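Chain by chain, the residues run as shown.
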Amino acid sequence: MKARHISSKTKYQTLKQKPGAMTGGLVLLIVGLLAFIPVVFVNMVMDKIDQGVDYDDIYKNGTVTEGVIVSISTNSNVSINNQNPIVVTFEYLVSGRARRGTTETLDETVVNNYQIGYRVEVRYKGSDAIIVGIKPYQFPEIVTNIFDFMFYIPIVFLVAGLILFMIAILHARKVIQLYKYGQVQDAELVSVSPKSGSQKLLKVFYKFETRGGDYQLGECITFKSPSLMDKQKSDRVKIFVSENDEKSCVVPEIESLRNHWDIEVD
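A.B. asks: Even after reading the chapter, I still don't get the sheet that holds strand S10 (residues 248–250), so can you show me in this structure?
C.D. replies: Sheet strands associate in pairs through backbone hydrogen bonding, adopting either a parallel or an antiparallel arrangement. Ordered in space as S8-S7-S6-S9-S10, the 5 strands form an open sheet in which the pairing is antiparallel. Because the sheet does not close on itself, it has two edges, and the strands there are strand S8 (215–223) and S10. Neighbouring strand axes in the sheet, compared pairwise and without regard to direction, differ in orientation by 45° on average. For strand S6 (residues 183–194) and strand S7 (residues 201–209), the ladder comprises 6 bridges, and the chain directions are antiparallel.

A.B. asks: So what exactly am I meant to see when it comes to a nonpolar patch on the surface here?
C.D. replies: Nonpolar side chains collect at one region of the surface, where Phe 151, Tyr 152, Ile 155, Val 159, Ile 163 and Ile 167 lie side by side and expose about 520 Å² of accessible area between them. Position of Val 159 relative to the elements: it lies in helix H5 (residues 141–181).

A.B. asks: Teacher, can you tell me more about the packing of aromatic side chains here?
C.D. replies: Centre distance and the angle of the planes are the two values used to describe a pair of aromatic rings. Evaluation of the coordinates by the stated rule reveals 7 aromatic pairs. Taken together, the aromatic side chains of Phe 90, Tyr 92 and Tyr 124 make up a single cluster linked through ring pairs. One residue, Arg 123, lies across the ring of Tyr 59, its end atom 4.4 Å from the ring centre. Taking NZ or CZ as reference, Lys 207 lies 6.0 Å from the ring centre of Tyr 215, over its face.

A.B. asks: Any chance you could explain the environment of Lys 195 here in plain terms?
C.D. replies: Within the secondary structure, Lys 195 sits in the loop between S6 and S7. C-alpha separation for the pair Lys 195 and Thr 222, spaced 27 residues apart in sequence, amounts to 9.1 Å. In contact with Lys 195, other than residues within four places in its own chain, are Leu 201, Leu 202, Lys 203 and Ile 221.

A.B. asks: So what exactly am I meant to see when it comes to the sheet that holds strand S2 (residues 86–94) here?
C.D. replies: Overall, antiparallel pairing links the 5 strands, which are arranged S3-S2-S1-S4-S5 in an open sheet. Edge positions in the sheet fall to strand S3 (97–105) and strand S5 (128–131), since each of these pairs with one other strand and no more. Going across the sheet, the axis of each strand differs from the next one's by a mean of 40°, ignoring polarity. Relative to strand S4 (residues 119–125), strand S1 (residues 63–74) runs antiparallel, the two being bridged by 6 bridges. Within S4, the position partnered with Val 64 by the bridge is Arg 123.

A.B. asks: Would you explain the pattern of salt bridges in this entry?
C.D. replies: Pairing between side chains becomes possible if they bear opposite charge and their charged atoms approach one another. Taken as a whole and judged by the stated rule, the model has 9 salt bridges. Note that Arg 123 and Glu 121 form a salt bridge whose closest N and O atoms lie 3.0 Å from each other. By relative accessible area, which is 17% here, Arg 123 ends up buried. Assessed through its relative accessible area of 34%, Glu 121 is described here as partly exposed. Lys 238 is paired through a salt bridge with Asp 186; the nearest N and O atoms lie 3.0 Å apart. Of this pair, Lys 238 sits in strand S9 (residues 236–241) while Asp 186 sits in strand S6, and the two are 52 residues apart along the sequence.

A.B. asks: Explain the pairing of S1 to me, please; I cannot follow it from the model alone.
C.D. replies: Within a regular strand, side chains alternate between the sheet's two faces. Pairing analysis gives 7 bridges linking S1 to S2, with the strands arranged antiparallel. Pairing of Ile 72 across the sheet is with Val 88, part of S2.

A.B. asks: Quick question: what am I supposed to make of the nonpolar core here?
C.D. replies: Across soluble globular proteins, nonpolar side chains have a tendency to be buried as a group. Residues Tyr 179, Val 204, Tyr 206, Val 237, Ile 239 and Phe 240 are the most contacted members of the largest nonpolar core, which totals 22 residues. At the level of elements, H5, S6, S7, S9 and S10 are the ones that each hand at least two residues to this core. Look past the residues within four positions of Val 204 in its chain and what remains in contact with it is Leu 189, Ser 191, Val 192, Gly 218, Glu 219, Cys 220, Thr 222, Leu 228 and Val 250. Core analysis: the next-biggest nonpolar cluster, separate from the first, contains 14 residues, Ile 69, Val 88, Phe 90 and Tyr 92 among them.

A.B. asks: Looking at this structure, how should I read the side chain of Gln 185?
C.D. replies: Mapped onto the secondary structure, Gln 185 falls in strand S6. Taking relative accessible area as the criterion, Gln 185 reaches 15% and is therefore assigned buried. In terms of polar contacts, Gln 185 uses its side chain to reach the backbone carbonyl oxygen of Glu 209, at 2.9 Å. Not counting chain neighbours up to four residues away, the residues in contact with Gln 185 comprise Phe 208, Glu 209, Val 237, Lys 238, Ile 239 and Val 241.

The rules behind the values
- Residues numbered from 1 in each chain as written.
- Predicted model: local features only at pLDDT ≥ 70, side-chain atom pairs only at ≥ 80, totals over all residues.
- Heavy atoms only, no water.
- Pairing = 2+ DSSP bridges.
- Helix = DSSP H or I, 4+ residues; strand = E, 2+ residues; numbered from the N terminus.
- Axes fitted to C-alpha atoms, helices over the stretch in contact; angles between N-to-C directions.
- Patch = residues over 30% accessible without salt bridge, like charges linked within 9 Å, V, L, I, M, F, W, Y side chains within 5 Å.
- Areas by Shrake-Rupley, 256 points an atom, 1.4 Å probe, with all protein chains shown as cover.
- Salt bridge = Lys/Arg side-chain N within 4 Å of Asp/Glu carboxyl O.
- Phe/Tyr/Trp six-rings, centres within 6.5 Å; stacked < 30°, edge-to-face > 60°.
- Lys NZ or Arg CZ within 6 Å of the ring centre and 35° of its normal.
- Contact = heavy atoms within 4.5 Å.
- Buried < 20%, exposed > 50% of the residue type's maximum accessible area, 1.4 Å probe, protein only.
- Core = buried A, V, L, I, M, F, W, Y, C linked by side-chain atoms within 4.5 Å.
- Polar contact = N/O pair within 3.5 Å; in protein donor to acceptor, adjacent residues only side chain to side chain.

So, in structure tokens, the structure goes:
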């Protein structure tokens, strides 16, 4: 069977026949994208503040070496409870080679108890190192877990939105295949009513004869048209039917005229 011409506008209108999935998908995608903004901003701030050093682990399992404090300053870019962290920079030896590390703490006694040039006990593990006695500030584990969880919330919205969009696209593709290759035949109208939540769409039930001689109930969502609105129960309607009789839909009057299908739908 020769494929019928399908305009781009018809394809777009067909996609709109699944308004719940399309609108819901769009809303979820927008919510997901907007939710990413504060989540990314918060994670950037946390990454800037959190030093990512496990003091307790390095203290228990790190290698002991000697270090020296080379500078003590204040990080004015960060404020926690109106207090700026104190930055202690130190050098330490690993296999005879000097390394430099920094630690930030909220313990103000560090300024009084440590000075530049003081020798301190350093423990290191890999590229991380700590000064024994100066514990860096860290977020409580429950706080980091909450923010880690928040990072996945926008992803859930985006995935759900994409799924709904795919549902709408797959639905449109099936209907377009019927428009192109479906066999035109008569069907008996069972009922026609406005689709819930839409002023432009109709939900149509009809009964048609299959290739095997049986009668099958079909249903579809289509756009309102004067001829379809005027029909009564048991009136004849034109439908598209797939080769295996599994899929069917009412021939849309407007699309038939727009695409010059020359199908009499009245």
